[in-house]
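Tertiary structure, described
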Amino acid sequence: MRLACPACRTPLPALEGDAVACPGCRAPYRRLPFAWDLTPPRKTWTDGEWEVWERLQDNGEVSYTADPEHNLGVGDRDDVRRFSAFAQLHGDVLDVGCGPQPWPAYFDRHAEETRFVGVDPLVGEREARYERYRALAEHLPFADAGFDVVLFAGTLDHFVDPDVALAEAVRMLRPGGTIAVYLGHKRAGAPKPAVSHDWYEALEVPDGAEDRFHMERFGPGEAVALFARAGLEVSGQEDHRVDEWHSYHFYRLRPPAASATSAPR
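The structure presented is a predicted model; accordingly, all values stated were derived computationally and were not measured.

1. Quick notes on the packing of helix H4 (residues 162-172) against helix H6 (residues 220-229)
Close contact between H4 and H6 brings their axes to 10 Å; oriented N to C, the two are set at 50°. When the axes of H4 and H6 are compared, the pair comes out oblique. Crossing angle aside, the handedness with which H4 passes H6 is right-handed. Of H6, the residues touching H4 (which contributes Pro162, Asp163 and Leu166) are Leu226, Phe227 and Arg229. When grouped by side-chain class, the residues that make up the contact of H4 with H6 number four nonpolar, no polar and two charged.

2. Brief notes about H6
Of all the residues in H6, the buried ones are Ala223, Leu226 and Phe227. Looking down the long axis of H6, one finds its buried residues gathered within 100° of arc, a one-sided arrangement. Set apart from the buried face of H6 by more than 90 degrees, the exposed residues are Gly221, Ala228 and Arg229. Against H4, strand S8 (173-186), strand S9 (233-241) and strand S10 (246-254) lie the buried residues of H6. One or two steps after H6, the chain reaches Gly231, where phi turns positive at roughly 75°.

3. Some thoughts on H4
Burial runs high along H4: eight of the 11 residues are buried. Within H4 the residues assigned to the buried category are Pro162, Ala165, Leu166, Glu168, Ala169, Val170, Arg171 and Met172.

4. Section: the side chain of Asp211
Along the chain, Asp211 falls in the loop between helix H5 (198-201) and H6. Classification of Asp211 by relative accessible area gives buried; the value is 17%. Side-chain polar atoms of Asp211 contact the backbone nitrogen of Phe213, separated by 2.9 Å. Residues in contact with Asp211, not counting those within four places in the same chain, are Leu56, Val205, Pro206 and Arg217.

Thresholds, definitions, all that
- Starting from 1, residues in each chain are numbered consecutively following that chain's sequence as written.
- Thresholds applied to this predicted model are a pLDDT of at least 70 for local features of residues and 80 or more for the giving and counting of side-chain atom pairs; totals over whole chains, interfaces and linings are not thresholded and use all residues.
- For side-chain calculations, the full set of non-hydrogen atoms in the structure is used, while hydrogens and water are omitted.
- To get an axis, a line is fitted to the C-alpha atoms, and for a helix only the part in contact is used. The angle between two axes follows their N-to-C directions and goes from 0 to 180 degrees.
- A run of H or I in DSSP counts as a helix once it spans at least four residues, and a run of E counts as a strand once it spans at least two, with each numbered from the N terminus.
- Every angle not falling under 35 degrees, over 145, or within 65 to 115 is termed oblique; those three ranges are roughly parallel, roughly antiparallel and roughly perpendicular.
- Crossing handedness: left-handed means the near helix sits turned counterclockwise from the far one by under a right angle, and right-handed means the same turn made clockwise.
- Any two residues whose heavy atoms approach within 4.5 Å are treated as being in contact.
- In this classification, the charged set is Asp, Glu, Lys and Arg, the nonpolar set is Ala, Val, Leu, Ile, Met, Phe, Trp, Tyr, Cys and Pro, and all remaining amino acids, among them Gly, are polar.
- Type-normalised accessible area, obtained with a 1.4 Å probe on protein chains alone, sets the label of each residue: buried when under 20%, exposed when over 50%, and partly exposed for intermediate values.
- An arc is given here, and it is the one of the directions from the helix axis to the C-beta atoms.
- Between N or O atoms, a polar contact is any pair within 3.5 Å; within protein, one atom must be a potential hydrogen donor and the other a potential acceptor, and residues adjacent in sequence are included only when both atoms are from side chains.

Take a look at the structure:
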């Protein structure tokens, strides 16, 4: 794995001191208490999209603090255990949208044979047990072909542009690499929970977002269409029903052989 400027993809110098600049475009990057901030200064989003996304991130941080076991991949949960087994983690693993928790529970069964790297816009203020960078899924701060597995563990429907996030994931893969996706789905018309938390009710849905945490939610049909647009083949799938309204779905994705060896620059 080699770090590269997320703005222009020039290799970055060693991350030393409190700040570095990209040798190519001079974009500045800074050290946080427990990670480096490799968020690009220029993004491909509109100002309106950026504002909505930032408000959703603020909402997400509230949920992660108030109720981590239901909003992060932590704890002894059945869905987390199932996804850990399904993902077949090995080698160098990139977790896109890893969350602020110090160690995702789906890493546990693979800890001895893998190297984990995480990116998330909320990391850097708290210590973790693995290597992390503050970064965006649509602007990953790595050179091409640096990972054997890329994970989207319940994150793909949080991004401004999931198409670009998948294209970046394909760029990350070594030949033979895979992408593993966890998708939670709530069907239209699902009743509100009988009991709701005050912290949840206090969060507002930003204009332009589908709900308090997602720019746009999608179900299995939309997910498969998204994968097809990215040129990805579904090589493995599991579907798990929770109740009449809720389910979760796992996908193992592979790019065409040519894409895995000649990612666009």
